[in-house]
Amino acid sequence: MLKPIKNLFRYLMKRRHRKIYRDGCVLSRFIARDVRRDVMILSAHDIDDGFIAARIRTTNVMYLSRGAVSSLGFGPPQRIALDQLWDWSGQPWGGLADGTSIADKI
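No experiment lies behind these values; they were computed from the predicted model shown.

Visitor: Sorry, what's going on with the nonpolar core here?
Guide: Counting residues in each nonpolar core, the largest one holds 17 residues, and the members touching the most others are Tyr21, Val39, Ile52, Leu85 and Trp86. Contributions of two or more residues to this core are made by β1 (26-32), β2 (35-43) and β3 (51-60). Beyond its immediate sequence surroundings of up to four residues, Trp86 is in contact with Tyr21, Leu27, Ser28, Arg29, Ile31, Arg37 and Val39.

Structure representation (structure tokens):
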């Protein structure tokens with residue numbers, strides 16, 4: 001009884017992923033209070049295995065709006081797992097990915 005229910009959920013998740021992560025789409029999400037990540041999907045060929053080929057840009061919106069950093073382009077193409085796509089290694093309040101702040105360097 002449990003196996004058919006698990007298979008149904010797997011099917012629904014794969015269907016949802018195929019609908020959201022389409023080739024050529026640019027997805028944006030705030031991953032911390034002032035940090036936005038933009039993902040340009042290049043290929044969703046391995047979407048059923050949980051991977052996509054994408055270019056990623058992570059921007060601190062507060063620093064960008066105040067002119068402390070310049071707007072950067074997307075990074076190099078990379079193959080990334082969907083469960084790691086929106087992970088943030090920095091502080092929950094934002095800052096930089098290594099946990100520091102631009103204010104620390106001033």
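More follows now that the structure is in view.
Visitor: Would you mind showing me how to read the environment of Ser89 here?
Guide: Following the sequence through the fold, Ser89 ends up in the segment after β4 (78-81). A relative accessible area of 63% means that Ser89 is categorised as exposed. On a C-alpha basis, the gap between Ser89 and Ala32 in space is 9.8 Å, while along the polypeptide they are 57 residues apart.

Visitor: I keep staring at the sheet that holds β2 and nothing clicks. Help me out?
Guide: Sheets are built from strands that pair by backbone hydrogen bonding, the pairs being arranged parallel or antiparallel. Across the sheet, which stays open at both edges, the four strands sit in the order β1-β2-β3-β4 with antiparallel pairing between neighbours. Of all the strands in the sheet, the pair left with one neighbour each is β1 and β4. Across the sheet, the axes of successive neighbouring strands diverge by a mean angle of 50°, strand direction being ignored. Across six bridges, the pairing between β1 and β2 is antiparallel. Paired with Phe30 across the bridge in β2 is Arg36.

Quick notes on the rules
Residues numbered from 1 in each chain as written. Predicted model: local features only at pLDDT ≥ 70, side-chain atom pairs only at ≥ 80, totals over all residues. Heavy atoms only, no water. Core = buried A, V, L, I, M, F, W, Y, C linked by side-chain atoms within 4.5 Å. Buried < 20%, exposed > 50% of the residue type's maximum accessible area, 1.4 Å probe, protein only. Helix = DSSP H or I, 4+ residues; strand = E, 2+ residues; numbered from the N terminus. Contact = heavy atoms within 4.5 Å. Pairing = 2+ DSSP bridges. Axes fitted to C-alpha atoms, helices over the stretch in contact; angles between N-to-C directions.

Any link to function would need more than the numbers given here.
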